[in-house]
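# Results of the structural survey
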Amino acid sequence: MWAVAGAVLGLLAGAALRATVFRLSVAPGEPERTACPRCQKPVPQRLAVRCAQCRTSLGTPLALELSTAIVLALLLGRFGGQPDVVAFGFFGVLGVALTAIDIAIQRLPDMLTLPAYPILIVLLAGAALVGHDFADLARALLGGLALAGGYLVLALVRPGQLGGGDIKLAGVAGLALGWLGWPALIAGAALGFVLSALVSLALIAARRLTLRSEICFGPFLLGGALLSMLASGH
Ligand SMILES: [Zn+2]
């Protein structure tokens, strides 16, 4: 039941995300995209699949809808009926949007990562109130600090590998993973690096990448967090 509800909600949320992902898929410092990249016709506020004038596709059709449906089906199937289901549903939708933007232009916009902190903290605080469990909330806050701090150290030790967006996103993932417990946080963080290494090796083997290329890290950070959330026993 919960998984089906998640899939339906995910299709709707994915459709709603398309405009946001299109708007924010710009290089740092550039204004948000509001017009068709080919003919400059302004795009509608919501649900643009193709430019009305030149028919240029504005993003891959159905990709966001289907990936959000899968992610929300998994997360609601796992957390459905628990007070923290809204917080994890929010994290899933945010994660799909950030993954799409990071793959498109290798960045994680502050416009999405920064507001996610207060939103996720409020949602987790609500879950803590309902569940009368404030130890989880305290651990979530510490988890956010710990993961953002860990990524900051990694970025300082190996410059060029991780960006500021990765550090900010790590804090958001740390909040959600910390809520589930320290083992979930450690597993989620480790899985991100494992996934990244596996995909890099596969791409190098397929000669799509060299040892010196940089690939975006956001999707792996989020993928590792998602796997850990689904496996956690909280
Ligand atoms: Zn156009």
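Scroll up for the structure.
Predicted, not measured: the structure shown is a model, and the values here were computed from it. (Residues numbered from 1 in each chain as written. Predicted model: local features only at pLDDT ≥ 70, side-chain atom pairs only at ≥ 80, totals over all residues. Heavy atoms only, no water.)

Inspection of every chain in the model, using the stated rule, returns 4 salt bridges. For K168, the salt bridge identified is with D110, shortest N-O distance 2.7 Å. Of this pair, K168 sits in helix α6 (residues 164–180) while D110 sits in helix α4 (residues 110–131), and the two are 58 residues apart along the sequence. The exposure class assigned to D110 is partly exposed, which follows from its relative accessible area of 33%. In this structure, the salt-bridge partner of D136 is R139, at a minimum N-O distance of 2.9 Å. Taken together, the residues span about one helical turn, with D136 and R139 both in helix α5 (residues 134–157) at a distance of 3 residues. Here the two residues D136 and R139 agree in accessibility, since each one is buried. (Salt bridge = Lys/Arg side-chain N within 4 Å of Asp/Glu carboxyl O. Helix = DSSP H or I, 4+ residues; strand = E, 2+ residues; numbered from the N terminus. Buried < 20%, exposed > 50% of the residue type's maximum accessible area, 1.4 Å probe, protein only.)

The next thing to look at is the packing of aromatic side chains. One pass over the full model with this rule turns up 5 aromatic pairs. Their ring planes at 50° and their centres at 6.3 Å tell us that F217 and F220 sit as a pair that is tilted. For F217, a relative accessible area of 8% gives the class buried. Given the relative accessible area of 12%, F220 is considered buried. Taken together through their ring pairs, the aromatic side chains of Y151, F193, F217 and F220 make up a single cluster. The ring centre of F79 lies 4.3 Å from the NZ or CZ of R78, which sits over that ring. (Phe/Tyr/Trp six-rings, centres within 6.5 Å; stacked < 30°, edge-to-face > 60°. Lys NZ or Arg CZ within 6 Å of the ring centre and 35° of its normal.)

Attention shifts here to the side chain of E65. You can see E65 is positioned in helix α2 (residues 63–79). In this structure E65 touches G10, L11, G14, A15 and R18, once residues within four positions along its chain are discounted. (Contact = heavy atoms within 4.5 Å.)

This part is about unusual backbone geometry. Phi is positive for Q40, which is not a glycine, with a value near 70°. Of note in this structure, Q106 is not a glycine but carries a positive phi near 55°.

Within the secondary structure, S228 sits in helix α8 (residues 218–231). Polar side-chain contacts of S228 include one of 2.7 Å to the backbone oxygen of A184. If sequence neighbours within four positions are ignored, S228 has contacts with L177, A184, A187, G188 and L191. (Polar contact = N/O pair within 3.5 Å; in protein donor to acceptor, adjacent residues only side chain to side chain.)

A few words on the layout of surface pockets. Considering only enclosed or pocket space, the second largest pocket measures out at about 370 Å³ in volume. Lining the second largest pocket are 20 residues, and of these A63, L64, S67, V96 and A100 lie nearest its centre. Elements that contribute at least two residues to the lining of the second largest pocket include exactly α1 (2–24), α2 and α3 (85–105). Ranked by residue count, the leading element in the lining of the second largest pocket is α2, at 6 residues. Of the residues in the lining of the second largest pocket, the class split is 13 nonpolar, 5 polar and 2 charged. (1 Å grid on protein atoms, 1.4 Å probe; cavity = no way out; pocket = protein on both sides within 12 Å on 5 of 7 lines; lining within 4 Å. Points joined across faces, edges and corners; volume = space filled by probe spheres on them. Nonpolar A, V, L, I, M, F, W, Y, C, P; charged D, E, K, R; others polar.)

Time to look at the nonpolar core. Within the largest apolar cluster, 53 residues are counted, with the highest numbers of intra-cluster contacts made by F91, L120, L124, Y151, W179 and M229. Within the residue set of this core, elements represented by two or more residues are α1, α2, α3, α4, α5, α6, α7 (182–205) and α8. Discounting residues that sit within four places of it in the chain, W179 has contacts with D84, F88, L124, A127, A128, D136, L137, R139, A140 and H234. (Core = buried A, V, L, I, M, F, W, Y, C linked by side-chain atoms within 4.5 Å.)

What follows concerns the coordination of the zinc ion. Around the zinc ion, the protein contributes the donor atoms C36 (SG), C39 (SG), C51 (SG) and C54 (SG), which lie 2.2 to 2.3 Å from the metal centre. Viewed at the metal, the 4 donor atoms of the zinc ion are separated by angles of 103 to 113°, and the geometry they form is tetrahedral. In the primary sequence, the donor residues of the zinc ion line up as C-x2-C-x11-C-x2-C. Here C39, found in the loop between α1 and α2, pairs with C51, found in the loop between α1 and α2; they are 12 residues apart in sequence, far enough to count as distant. Judged by relative accessible area, C51 falls into the buried class, the value being 2%. (Donors = N, O, S within 2.8 Å, 3.2 Å for Na, K, Ca; no water. Tetrahedral: all angles 85-135°; square planar, octahedral: opposite > 155°, others 65-115°.)

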